[in-house]
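For reference, the chains in residue letters:
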There are 4 protein chains.
Amino acid sequence: MKGQLKSFASDNNAPVHEAIFHAMMNANKGDAIGYGDDIYTLEAERKFKEIFGNDCRVFFMLTGTGANAAGLSHITRPYHSIVCSDKSHLENDECGAPEKVTGCKLISLPSDDGKIRVEQLGPLLHSVGFQHHSQPKVISITQPTELGTVYQMDEIRKISAFARENNLYLHMDGARIANAAARLNTGLADISIHAGVDMLSFGGTKNGAMIAEALVFFRSDLAGEFEYTRKQSMQLMSKMRYISAQFNALFSSDLWLKNALHANRMAGLLAERLQGISSVRITQAVETNAVFAVIPKNAIEKLQRKYFFYIWNAPRNEVRWMTAYNTTEKDIEEFVEAIRKAVE
Amino acid sequence: MKGQLKSFASDNNAPVHEAIFHAMMNANKGDAIGYGDDIYTLEAERKFKEIFGNDCRVFFMLTGTGANAAGLSHITRPYHSIVCSDKSHLENDECGAPEKVTGCKLISLPSDDGKIRVEQLGPLLHSVGFQHHSQPKVISITQPTELGTVYQMDEIRKISAFARENNLYLHMDGARIANAAARLNTGLADISIHAGVDMLSFGGTKNGAMIAEALVFFRSDLAGEFEYTRKQSMQLMSKMRYISAQFNALFSSDLWLKNALHANRMAGLLAERLQGISSVRITQAVETNAVFAVIPKNAIEKLQRKYFFYIWNAPRNEVRWMTAYNTTEKDIEEFVEAIRKAVE
Amino acid sequence: MKGQLKSFASDNNAPVHEAIFHAMMNANKGDAIGYGDDIYTLEAERKFKEIFGNDCRVFFMLTGTGANAAGLSHITRPYHSIVCSDKSHLENDECGAPEKVTGCKLISLPSDDGKIRVEQLGPLLHSVGFQHHSQPKVISITQPTELGTVYQMDEIRKISAFARENNLYLHMDGARIANAAARLNTGLADISIHAGVDMLSFGGTKNGAMIAEALVFFRSDLAGEFEYTRKQSMQLMSKMRYISAQFNALFSSDLWLKNALHANRMAGLLAERLQGISSVRITQAVETNAVFAVIPKNAIEKLQRKYFFYIWNAPRNEVRWMTAYNTTEKDIEEFVEAIRKAVE
Amino acid sequence: MKGQLKSFASDNNAPVHEAIFHAMMNANKGDAIGYGDDIYTLEAERKFKEIFGNDCRVFFMLTGTGANAAGLSHITRPYHSIVCSDKSHLENDECGAPEKVTGCKLISLPSDDGKIRVEQLGPLLHSVGFQHHSQPKVISITQPTELGTVYQMDEIRKISAFARENNLYLHMDGARIANAAARLNTGLADISIHAGVDMLSFGGTKNGAMIAEALVFFRSDLAGEFEYTRKQSMQLMSKMRYISAQFNALFSSDLWLKNALHANRMAGLLAERLQGISSVRITQAVETNAVFAVIPKNAIEKLQRKYFFYIWNAPRNEVRWMTAYNTTEKDIEEFVEAIRKAVE
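Colleague: Can you walk me through the relation of the copies chain B and chain A in this structure?
Modeller: Each of the two copies of the chain can be brought onto the other by a rotation about an axis and a shift along it. Expressed as a screw operation, the relation of chain B to chain A combines 0.0 Å of axial shift with a rotation of 180 degrees, fitting to an RMSD of 0.1 Å. On this basis, the relationship between the two copies can be described by a two-fold rotation axis. The overlap is high: 100% of the interface residues of chain B also sit at the interface in chain A, so the same surface is used on both sides.

Colleague: How should I be thinking about the pairing of strand 13 (residues 318-322) of chain C in this particular structure?
Modeller: On a regular strand, one side chain projects to one face of the sheet and the next to the other, so that they alternate. All names here are of chain C. Taking burial as the measure, the five residues of strand 13 include five buried ones, the bulk of the element. Both faces of strand 13 are covered, namely the face carrying Glu-318, Arg-320 and Met-322 and the face carrying Val-319 and Trp-321. Two elements, strand 10 (residues 290-294) and strand 13, share five bridges in a ladder whose sense is antiparallel. Among the inter-strand pairings, Val-294 is bridged to a residue of strand 13, identified as Glu-318. Pairing analysis gives three bridges linking strand 12 (residues 310-313) to strand 13, with the strands arranged antiparallel. Bridge pairing in strand 13 places Asn-313 opposite Glu-318. Linking two consecutive strands that pair antiparallel, namely strand 12 and strand 13, is a turn of four residues; a positive phi of about 55 degrees is found at Asn-317 within it.

Colleague: Would you take a moment to explain helix 1 (residues 18-27) of chain C for this structure?
Modeller: Helical periodicity: at 3.6 residues per turn, an α-helix aligns residues three or four positions apart in one direction. Within the sequence span of helix 1 of chain C, burial applies to Ile20(C), Phe21(C), Ala23(C), Met24(C) and Ala27(C). Taken end-on, helix 1 of chain C shows its buried residues confined to a sector of 155 degrees, consistent with a single buried face. On its buried face, helix 1 of chain C sits against helix 2 (39-52), helix 10 (241-250) and helix 11 (255-274) of chain C together with helix 1 (18-27) and helix 10 (241-250) of chain D.

Colleague: What's the story with the environment of Gln232(A) in this structure? I'm lost.
Modeller: Tracing the chain through its elements places Gln232(A) in helix 9 (residues 226-232). The exposure class assigned to Gln232(A) is buried, which follows from its relative accessible area of 5%. Between the alpha carbons of Gln232(A) and Tyr169(A) there is a distance of 22 Å; along the sequence they are 63 residues apart. When sequence neighbours within four positions are dropped, the list of residues in contact with Gln232(A) reads Glu94(B), Cys95(B), Gly96(B), Ala97(B), Lys100(B), Val101(B), Pro78(C), Tyr79(C) and Gly103(C). A distance of 3.3 Å separates the side chain of Gln232(A) from the backbone oxygen of Cys95(B), its partner in a polar contact.

Colleague: I tried to follow the interface of chain D and chain B on my own but got confused; where do I start?
Modeller: Reports of interface size often rely on the accessible area that becomes lost once the parts have come together. Each partner contributes to the interface: chain D provides 24 residues, whereas chain B provides 24 residues. Surface buried jointly by chain D and chain B totals about 1,900 Å² across both partners, of which 46% is contributed by carbon and sulfur atoms. Put simply, chain D and chain B have zero salt bridges between them. Where chain D packs against chain B, one counts 20 residue pairs in polar contact (both at pLDDT 80 or more). Among the secondary structure elements, those contributing two or more residues to the side of chain D that touches chain B are helix 3 (64-74) and helix 9 (226-232) of chain D. Broken down by element, the residue count for the side of chain D that touches chain B peaks at six residues, all from helix 9 of chain D. Looking at the side of chain D that touches chain B residue by residue, the classes come out as seven nonpolar, 12 polar and five charged.

Colleague: Looking at this structure, I do not really get unusual backbone geometry. What am I missing?
Modeller: In terms of backbone geometry, most residues other than glycine have negative phi values and most peptide bonds are trans. The linkage connecting Gln143(A) with the following residue, Pro144(A), adopts the cis geometry, with an omega of -5 degrees. If you trace the backbone, Pro144(A) turns up in the loop between strand 5 (135-142) and helix 6 (153-165). Even without being a glycine, Asn317(A) presents a positive backbone phi close to 55 degrees. Among the secondary structure elements, Asn317(A) is positioned in the loop between strand 12 (310-313) and strand 13 (318-322). What makes Asn317(A) buried here is its relative accessible area of 19%. If you check the backbone angles, Asp254(C) has positive phi at about 55 degrees while not being a glycine.

Colleague: Hey, could you run me through the pattern of salt bridges in this one?
Modeller: All names here are of chain A. Enumeration according to the criterion identifies 73 salt bridges over all chains in this entry. When the shortest N-O distance is used, the salt bridge between Lys-330 and Glu-334 registers 3.1 Å. Of this pair, Lys-330 and Glu-334 both sit in helix 13 (residues 329-343), separated by four residues, roughly a single helical turn. Among the residues examined, Glu-334 registers a relative accessible area of 37% and is labelled partly exposed.

Colleague: Just to check I follow, could you spell out the sheet that holds strand 10 (residues 290-294) of chain B for this structure?
Modeller: Consider a sheet: its strands pair through backbone hydrogen bonds, and that pairing is either parallel or antiparallel. Residue and element names in this part refer to chain B. Taking strand neighbours across the sheet as the criterion, the four strands line up as 9-10-13-12 in an open arrangement whose pairing is antiparallel. Here the strands that pair on one side only, and so sit at the sheet edges, are strand 9 (281-282) and strand 12 (310-313). Sitting on the sheet, helix 11 (residues 255-274) touches strand 9, strand 10 and strand 13 (318-322), and the angle it makes with strand 10 is about 25 degrees.

Colleague: Before we go on, may I ask you to explain the pairing of strand 2 (residues 57-61) of chain D in this structure?
Modeller: All names here are of chain D. Among the five residues that make up strand 2, four are buried, leaving the element largely enclosed by the rest of the structure. Taken together, the five bridges between strand 2 and strand 8 (residues 213-217) define a ladder with antiparallel strand orientation. Of the residues in strand 8, the one forming a bridge with Val-58 is Val-216.

Colleague: Would you mind going over the packing of helix 11 (residues 255-274) of chain D against helix 13 (residues 329-343) of chain D with me for this structure?
Modeller: The packing of two helices is summarised by the inter-axis angle and the distance between the axes. Residue and element names in this part refer to chain D. Packing of helix 11 against helix 13 brings their axes to within 10 Å, and their N-to-C directions diverge by 30 degrees. Comparing the axis directions of helix 11 and helix 13 gives the class roughly parallel. Here helix 11 runs over helix 13; the crossing is right-handed. On helix 13, the residues that touch Arg-265, Met-266, Leu-269, Leu-270, Arg-273 and Leu-274 of helix 11 are Glu-329, Ile-332, Glu-333, Phe-335, Val-336 and Ile-339. Grouping the constituent residues of the contact of helix 11 with helix 13 by class yields eight nonpolar, no polar and four charged.

Colleague: Help me understand the interface of chain B and chain A in this model?
Modeller: Taken together, the contact between chain B and chain A spans 61 residues of the former and 62 residues of the latter. Buried surface at the junction of chain B and chain A, both sides included, amounts to about 5,100 Å², of which 59% is carbon and sulfur. Close ionic contact of Asp31(A) with Lys6(B) constitutes a salt bridge, the shortest N to O distance being 2.9 Å. At the boundary of chain B with chain A, the tally comes to 38 residue pairs in polar contact (both at pLDDT 80 or more). When residues of the side of chain B that touches chain A are traced back to their parent elements, those giving at least two are strand 1 (6-7), helix 1 (18-26), helix 2 (39-52), helix 3 (64-74), helix 5 (97-102), helix 9 (226-232) and helix 10 (241-250) of chain B. Of the residues forming the side of chain B that touches chain A, the biggest block, four residues, is contributed by helix 3 of chain B. In terms of residue class, the side of chain B that touches chain A is made up of 28 nonpolar, 20 polar and 13 charged.

Rules behind the numbers
- Each chain carries its own residue numbering, running from 1 in the direction its sequence is written.
- To read the labels, note that chains go from A and ligands from 1, taken in the order they are written.
- Confidence filtering applies because this is a predicted model: local features only for residues at pLDDT of at least 70, side-chain atom pairs given and counted only at 80 or more, and all residues used for totals across whole chains, interfaces and linings.
- Side-chain metrics rest on all non-hydrogen atoms present in the structure, leaving aside hydrogens and water.
- Here the copies are matched by least squares. The fit uses the C-alpha atoms of residues with pLDDT of at least 70 in both.
- The contact definition used throughout considers only heavy atoms, calling two residues in contact when any of these lie within 4.5 Å.
- Classification of residues uses two cut-offs on accessible area relative to the type maximum, computed with a 1.4 Å probe and protein chains only: under 20% is buried, over 50% is exposed, and between them is partly exposed.
- Strands here mean DSSP runs of E at least two residues long; helices mean DSSP runs of H or I at least four residues long; both are numbered from the N terminus.
- DSSP bridges decide pairing: two strands pair if at least two such bridges lie between them.
- Throughout, the arc means the angular range of directions from the helix axis out to the C-beta atoms.
- Polar contact criterion, stated in full: a pair of N or O atoms within 3.5 Å, where within protein one must be able to donate a hydrogen and the other to accept it, and residues adjacent in sequence count only if both atoms are side-chain atoms.
- What counts as buried area is the accessible surface, traced by a 1.4 Å probe, that two parts surrender upon association, with contributions from both included.
- Put simply, a salt bridge is a Lys or Arg side-chain nitrogen that is within 4 Å of an Asp or Glu carboxyl oxygen.
- Nonpolar residues are Ala, Val, Leu, Ile, Met, Phe, Trp, Tyr, Cys and Pro. Charged residues are Asp, Glu, Lys and Arg, and all others, Gly as well, are polar.
- Axis angles are defined between N-to-C directions and span 0 to 180 degrees, where every axis is a line fitted to C-alpha atoms and, for a helix, only to the segment in contact.
- Working rule for angles: under 35 degrees goes down as roughly parallel, over 145 as roughly antiparallel, 65 to 115 as roughly perpendicular, anything else as oblique.
- Take the far helix as your reference; a near helix turned counterclockwise from it by less than a right angle gives a left-handed crossing, and one turned clockwise gives a right-handed crossing.

Listed below in structure tokens is the structure:
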């Protein structure tokens, strides 16, 4: 039980943003029909359409894993394969949900920074048409990646062009999509539908919400009948208004963007302050709200007495430090000070 | 969009109980480790153990369908069959999640009141040992049933004795277990673990919570490694403290019981008031918080302009009216008046 | 071990027909490319097209259960339901393969003679469009049924008309389709594609082959990419020529029809001879190659010392006796004599 | 259609060995109970016990993919992972059957020669106990590998020791196990049960049979109830005697060994004859019945006009040539001559 420590473990260790909590409270009045037939859900759907265009179809979900696995199952058949990075959540952190739920093979491409390169995709096509091989059907990219790095617009476009030419779908795992859009200074649609993404797992939970995930289809031919897949995937919340209210708050006054900008800025500050410390080596470009670093093993142990965070790669003594919308400059300064002492 | 109507559709149309919402707010302070390693979850687990005994293992889940299907998948192999009532949620209202998630065959036994009779179980054993047939492994009963009726203690005990003698597990779908315990004037453990139940889907959402489901194992040999099944079943909430806080509130000052007693009392009141109306025929014993009734077709249409509720069986003009913790006597009186007018 | 007894247990207890064995031997010369790219398979595919039309697509399979389950998985999504008779092989004798392989719910309709009546289908449509319910997608009928009875042409046509009107597919489990065609004095296409069937499991094994099953699609939009489903369903034989050779023999000189006519005639003869025996009550119309009968319990025991056959329904003392292409009139006369003695 | 060419494509392009065909013919007499309750199956089971010990349990299967996938599903839960080589049949050539049937994640380890090294296994244990990660449960090795190379006894023993220490199971895909035993000059048990293997997919088809695969469990706690998994996996042959007869022939007069020794010798001869040809570079140690070689692209095209074989790696112009029990020295000499001409 490490509840008392300040956490740099994950942005999901942060509490719910006040404005979001307030919106849930405002929705907590009187009866409302279950399963989405309520005014809060209607409004949230409208907001998604404002952002992503009137042709998108949005379904609210309960977990990021649920959005990914149920969504992918809906646009594949079990004899398909799904291509992802070897650093992706899909490959590493969903306890095999993608395989169990879709029946598909995952093909994970090696990557140092969590990004798929379009050059890696061509060889996968050798399997096409050969009955003994799983048939490639979906490319799934994570934006930002699990390593906090960000696909540039042209990188996404190259991958989506490849997908289109080869009759594949492009899925984006956007568990932290707000942080990527904040980083790139673009809109949410720019890095998804406008860049050629077909289906987006949109995460709100890590950006200050309590439980707010969505699956957004950008092609209506893919979305058809997804309501059944959602239900069968155990992702249909009965009191739907409470998810919807969270999205309504996130999309009011650009709260999603403010939260993401702040979290990114705090990670940037942390990275900046660490530069002077010679025994700390940052291992990934700090582009969103994560800092990956190698520090001495005994320093990890010392630090973990006061702070909670994950050891990313034990043999290498690599740790992950994440910031969130609620991280303060003071938190950073104190943490840097603690790191400095620990490595001395 | 029927958000403006008073709803007798389901107890999941009610808002979150004030005390529960308050508990969530109190938990919304500072960082907390995700996935259950927090003080609220520790407390909630302790409360479950107080109720069900120290040997139980509890896992918080996101939906009732998730608790049922993921739990059943954990205690079966795909060549097993799961026996349930033809009126059960499992059979009718989970869009095939049990089959998809477990791979098992569901065997649904015919029932007028939603209850399985122990006499129906014997013939199922003819399949045992025959390699062409799914092998019976779990009996799943719903307490109270989807029809609002309640298994008496001795009815459960007979079924659990049969299960034990024949090497089957007994699962209880307790989406509204509080209402059953309130009705029977027993504790929650009396009608589950003490009656021989092996695994319980414990529902809090329909009893005033926002999203609070749990799977409780009463045999430690069944619970082992369920954390992986939960994750793979997309039922692991990252900000777990907010589910836990809801259970903490439900189990404080017997809120669970008060809510259930009230909802039951309101359904009783509704049934009582309807007795004088000759064109309304109540079709099920009103034992918890649901009233099933046959009323003239045109009366249904009139009523649905002002109230939301489900037509249970269209050819028979049978409707379902549910009460909740927030239904008031005034709501009932006004509804009865509306019914009276509609059927005139 | 009951290998020494004459068997009336099943038509799959018969040896391989001499002409079929001979065809396999003729194919056993030199190398042949695996997985179907050989002259025997080309010929078998051509013969199927001669029978069912040039637009059909045929895939050779290893078991009847495999043809049913893999085929159904290919034309459904897991949130669909598959409607069948409660007496069907699908429901009773495939150890849950349909549920495991498709993820779908099976809806089994009650039947005395194994046939679905079109009147039973209407109520299933109440689930359509309701996200909590599995969506009906396939009606599966067995021709002849597991009880040896036969759908008349107009019965199939009514069901296929219902399917078409309601956007459902019609599957026919034709494990013994030859016996039905022989009975109805029609071609194989008449009772399948011409009667509105969309997908046919075509069985050769029970008609004198060794291992020869096929899945035939009558709509090219359903067949697309089935080669992958077959492989993933573990139904792709590497030395395919040996299945193909069996079909080539079955379709030469109408061997399939001769075998079926003979088996049917032997069952008819058995039923005829039994009429004079008062303690034997035949329980199903004898329309193909099975005789179902109720006989005294002690007679069953006596008979089973000399003959192998299945007790169909133990509480009712109902047995199943099946004939095959190799049953002789002498076999029947001796068996009738044995029955006569056993019931005395 | 390449049926007329001499094939070096695969040992499954060979016809059925005469003695095996003869044994099937001998079994083709009179009735025999289906599904394995016959004297041929009893004998085959006895022979397996003679080879692998009285405690083994053997189940006859229809395809190698079926033996692998159904077997692995039986000894895992869907949240487990299965470790294999990136060159394995499991990973590449089963169209995703392992994932679909088990629900598990496959973890494929990079390998040049198709063999897993015990040093690669340690890092996989980092996932153990972490609920977000699939839990390693089975190591699957292929003997010989898809590249024709052979695990030495001590290599298997090291891997099985690792498995045992870490509570993992060791599966051996023995689609061509006879060729490995022939190469190592050991018995079949030496390289499987005696080396610590827990479950063996035993292949007969590629060693001269028609359709003869088996799954052999060396631990009775793993085998329990596999009859249901086999049936549900669509791998239960009704006329079982014909598989059993094939195994009976293979195990008579060491036919399995003679066939394997011959096929190995022919590959060795081919490799030897190719040594003098400078533009042919053999890329894998020739240890069983496959020769992998890089030859000029235009030579591949010329050769394929007269011979059928697979291009293993198109960008590298690497081909696979396989020999079988029926390959003759003359076949080899002619083929070498054709290669010599093609590369000139």
